[in-house]
Amino acid sequence: GKSIGNGFPLAMCVTTPEVAEAFADSSLHFNTFGGNAIACSAGLATLKAIEEDNLMENCRVVGDKFLRGFNTLREKYEFVGDCRGLGLFMAMEMVENKTTNKALPLYHFSALHERIKDHGIFIGKGGLYGNCFRIQPPMCVSEADAEFVIATLDKSSVNTEMGFWMLNLLTL
């Protein structure tokens with residue numbers, strides 16, 4: 001993946017010693033350009049920046065802030081389901097309601113996603129039913145950035161909730 005090389009196309013494989021040993025005496029390989037000087041330099045520079053800028057700690061601190069904010073939104077809105085993650089690898093599940101936990105219909109999810117994009121925040125979507133926001137900001141994201149994202153999600157959710165309410169009135 002590109003993130004391991006900070007934008008440089010670089011990949012990494014992490015495994016147990018037992019699995020690695022099984023490949024040591026084999027002609028099977030996981031790499032195409034393994035060990036070239038440019039790839040190694042990009043990887044080492046990325047690891048150096050992560051260490052010097054204390055980005056692992058930043059991931060923990062800012063990730064915790066994001067999750068606290070997401071869980072506050074979960075308490076506030078009936079359609080915000082499970083909020084989960086570790087560090088800066090997070091997801092928010094959107095549901096019809098917390099009683100059934102049934103996936104929010106795609107047209108509702110898409111409307112909310114578009115409102116969030118209108119505010120300049122680009123987050124991924126996924127999940128088995130396409131009803132989860134995947135939040136994976138860069139390691140250098142700040143607490144102020146997290147506050148902005150959470151406030152924007154809140155503002156977009158208010159508008160979405162109002163839209164759901166109006167839609168329900170029209171169908172009565």
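Residues numbered from 1 in each chain as written. Predicted model: local features only at pLDDT ≥ 70, side-chain atom pairs only at ≥ 80, totals over all residues. Heavy atoms only, no water.

Student: Got a sec to walk through the pattern of salt bridges? Specific residues and values, please.
Tutor: Summed over all chains, the structure comprises eight salt bridges. Among the ionic pairs, E114 bridges to K117, the shortest N-O distance being 2.9 Å. On the criterion of helical spacing, the pair formed by E114 and K117 is a turn pair, its members being three residues apart in helix 4 (residues 106-118). Taking the relative accessible area as the measure of exposure, E114 reaches 41% and is therefore partly exposed. Within the structure, one salt-bridge network assembled from shared partners comprises E57, R60 and D64. (Salt bridge = Lys/Arg side-chain N within 4 Å of Asp/Glu carboxyl O. Helix = DSSP H or I, 4+ residues; strand = E, 2+ residues; numbered from the N terminus. Buried < 20%, exposed > 50% of the residue type's maximum accessible area, 1.4 Å probe, protein only.)

Student: Before we move on, could you go through unusual backbone geometry and cite the residues and values that matter?
Tutor: In this model, N54 sits at a positive phi of 55°, which is unusual for a non-glycine residue. As for its placement among the helices and strands, N54 is situated in the loop between helix 2 (37-52) and helix 3 (55-76). Taking the relative accessible area as the measure of exposure, N54 reaches 47% and is therefore partly exposed. At N101, a residue that is not glycine, the phi angle is positive and equals roughly 55°.

Student: Please provide a residue-by-residue account of the environment of Y77, values included.
Tutor: With respect to the helices, strands and loops of the structure, Y77 is situated in the loop between helix 3 and strand 1 (80-86). The class for Y77 is buried, based on a relative accessible area of 1%. Separated by 80 residues in sequence, Y77 and S157 have C-alpha atoms that sit 7.6 Å apart. There is a polar contact of 2.4 Å between the side chain of Y77 and the side chain of D154. (Polar contact = N/O pair within 3.5 Å; in protein donor to acceptor, adjacent residues only side chain to side chain.)

Student: With reference to specific residues and values, describe a nonpolar patch on the surface.
Tutor: On the surface, I4, M12 and V14 cluster together into a nonpolar patch covering about 310 Å² of accessible area. Take V14: it is sitting in the segment before helix 1 (17-24). V14 sits in the exposed class, given a relative accessible area of 68%. (Patch = residues over 30% accessible without salt bridge, like charges linked within 9 Å, V, L, I, M, F, W, Y side chains within 5 Å. Areas by Shrake-Rupley, 256 points an atom, 1.4 Å probe, with all protein chains shown as cover.)

Student: Help me get a handle on the pairing of strand 4 (residues 132-135), residues and values and all.
Tutor: Pairing analysis gives four bridges linking strand 2 (residues 89-94) to strand 4, with the strands arranged antiparallel. In the sheet register, A91 faces strand 4, and the bridge partner there is R134. Relative to strand 4, strand 3 (residues 124-126) runs antiparallel, the two being bridged by three bridges. Within strand 4, the residue paired with G124 across the bridge is R134. (Pairing = 2+ DSSP bridges.)

Student: An account of the pairing of strand 2 is requested, with residue identities and associated values reported.
Tutor: Pairing of strand 1 with strand 2 involves five bridges; the strand directions are antiparallel. Its bridge partner being in strand 2, R84 is matched across the sheet by A91. With antiparallel pairing between neighbouring strands as the criterion, strand 1 and strand 2 make up a hairpin whose turn holds two residues, including G87 at a positive phi of roughly 65°.

It is worth stressing that arrangement in space is one thing and function is another; only the former is reported here.
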